Amino acid sequence: MTSAPGASFAISDLRQRPEFFDIVADRIWRAWWKDGGHPLEYITGRLGENLDAGPIPLALVAHDGAAFLGTASVIASDLEERPNYTPWVAAVWVEPQHRSRGFGAALVERAARDGFASGAHRLYLCARPARTGFYQRLGWIPLERDVGRFGLTVFTRDAPASGISSPP
Ligand SMILES: CC(C)(COP(=O)(O)OP(=O)(O)OC[C@H]1O[C@@H](n2cnc3c(N)ncnc32)[C@H](O)[C@@H]1OP(=O)(O)O)[C@@H](O)C(=O)NCCC(=O)NCCS
């Protein structure tokens, strides 16, 4: 049972809401790293880089007040088979009980906006076959399929032709 997000729903840079650091690290670790035998400390170390100055890497957190809803990141490198591509929208995660309410799309959109605002003209994203439909619906263009041992699809998205628009 879920309730609609309140007026306090927001997507924040983790630097502004560091109280969500531990839950973001936990979710990224459980979703993508734990089964490979990596310790949680490996992810807390990498996530800590998102708190440094500089636009990238960055981590976003979707929250309704103090309630964690999901996360997404923009990082320099996400796929060792494609070191020449950068930067990437990565680690998109929405809490299971809050899915199918637009938070995933909102996180991807905000990550793309922040990625372009950092000066990138093209962004990359990779997804397993089961997730490709989600990103295609959001307008990401498949660039390569069946990359690496997980058969990933690499998506790309170019900056809007009008250039970078940042809020006043
Ligand atoms: C993928 C994920 C981030 C989507 O989050 P979300 O908040 O549910 O996303 P949205 O609400 O914006 O959009 C969900 C919609 O996309 C659809 N969708 C989800 N996966 C899809 C897929 N593989 N193909 C097509 N559509 C898909 C859903 O059916 C839903 O549509 P509906 O609202 O009509 O039911 C979430 O399912 C998740 O955290 N999954 C586990 C982590 C993961 O796989 N991340 C992606 C790594 S590549």
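Residues numbered from 1 in each chain as written. Predicted model: local features only at pLDDT ≥ 70, side-chain atom pairs only at ≥ 80, totals over all residues. Heavy atoms only, no water.

Trainee: Any chance you could break down the overall build of the protein for me, citing the residues and the numbers?
Mentor: When helices and strands are counted, the protein shows 4 helices and 7 strands. Reading the helices (α) and strands (β) of the protein from amino to carboxyl end gives β-α-α-β-β-β-α-β-α-β-β. The C-alpha radius of gyration of the protein comes to 15 Å, within 12% of the 15 Å expected for a compact globule of 168 residues. Taking the principal axes of its C-alpha atoms as reference, the protein extends roughly 45 × 40 × 35 Å. Out of the 168 residues in the protein, the part that is buried amounts to 40%. A fraction of 58% describes how many contacts in the protein between residues 6 or more apart in sequence connect residues 24 or more apart. A total of about 9,200 Å² of accessible surface is found on the protein, and carbon and sulfur atoms cover 52% of it. Of the charged side chains in the protein, 18 are positive and 18 negative, and the gap between their average positions amounts to 6 Å. (Helix = DSSP H or I, 4+ residues; strand = E, 2+ residues; numbered from the N terminus. Rg over C-alpha atoms; globule rule 2.2 N^0.38 Å. Buried < 20%, exposed > 50% of the residue type's maximum accessible area, 1.4 Å probe, protein only. Contact = heavy atoms within 4.5 Å. Areas by Shrake-Rupley, 256 points an atom, 1.4 Å probe, with all protein chains shown as cover. Lys, Arg positive; Asp, Glu negative; His and termini not counted. Charge placed at Lys NZ, Arg CZ, Asp CG, Glu CD.)

Trainee: Kindly report on the layout of surface pockets, identifying the contributing residues and their values.
Mentor: One simple way to see leftover space: roll a probe sized like a water molecule over the atoms. The space that makes up the largest pocket amounts to roughly 1,900 Å³. Secondary structure elements with two or more residues in the lining of the largest pocket: α1 (21-33), α2 (40-48), β3 (67-75), β4 (88-94), α3 (103-117), β5 (122-127) and α4 (132-137). With 6 residues, the single largest contributor to the lining of the largest pocket is β4. Of the residues in the lining of the largest pocket, the class split is 26 nonpolar, 10 polar and 14 charged. (1 Å grid on protein atoms, 1.4 Å probe; cavity = no way out; pocket = protein on both sides within 12 Å on 5 of 7 lines; lining within 4 Å. Points joined across faces, edges and corners; volume = space filled by probe spheres on them. Nonpolar A, V, L, I, M, F, W, Y, C, P; charged D, E, K, R; others polar.)

Trainee: How would you sum up α3? Please name residues and give values.
Mentor: Given 3.6 residues to a turn, an α-helix orients residues that are three or four positions apart in the same direction. Between the first and last C-alpha of α3 there are 21 Å, a value that for 15 residues agrees with the 21 Å anticipated at 1.5 Å per step. Within α3, burial applies to Phe-103, Gly-104, Leu-107, Val-108, Ala-111, Ala-112, Asp-114, Gly-115 and Phe-116. Positive phi shows up at Gly-119, right after α3, with a value of about 115°. (Expected span 1.5 Å × (residues − 1).)

Trainee: Would you mind going over unusual backbone geometry in detail, with residue names and values included?
Mentor: Following Ile-56, the chain continues to Pro-57 via a peptide bond in cis, the omega torsion being 5°. Position of Pro-57 relative to the elements: it lies in the loop between α2 and β2 (58-64). For the peptide bond that leads from Thr-86 to Pro-87, omega is -5°, which places it in the cis range. On the secondary structure map, Pro-87 appears in the loop between β3 and β4. Phi angles above zero are rare outside glycine, and Ser-100 is one such case at about 65°. Structurally, Ser-100 is set in the loop between β4 and α3. Residue Ser-100 is classed as exposed on the basis of its relative accessible area, which comes to 81%. Unusually for a residue other than glycine, Asp-146 sits at a positive phi of about 60°. Residue placement: Asp-146 occurs in strand β6 (residues 141-147).

Trainee: Tell me about the site of the ligand, and please be specific about residues and values.
Mentor: Around the ligand, a shell composed of 19 residues is seen, among which Val-92, Ser-100, Gly-102, Ala-105 and Ala-130 lie nearest. Within the backbone of Val-92, a nitrogen or oxygen atom sits 2.8 Å from a nitrogen atom of the ligand. Residue Arg-131 places a side-chain N or O atom 2.9 Å away from an oxygen atom belonging to the ligand. For the ligand, the protein covers 73% of the area, taking 930 Å² as the surface of the free molecule. (Near = heavy atom within 4 Å. Polar contact = N/O pair within 3.5 Å; in protein donor to acceptor, adjacent residues only side chain to side chain.)

Note that all results are geometric; they support no functional claim without further evidence.
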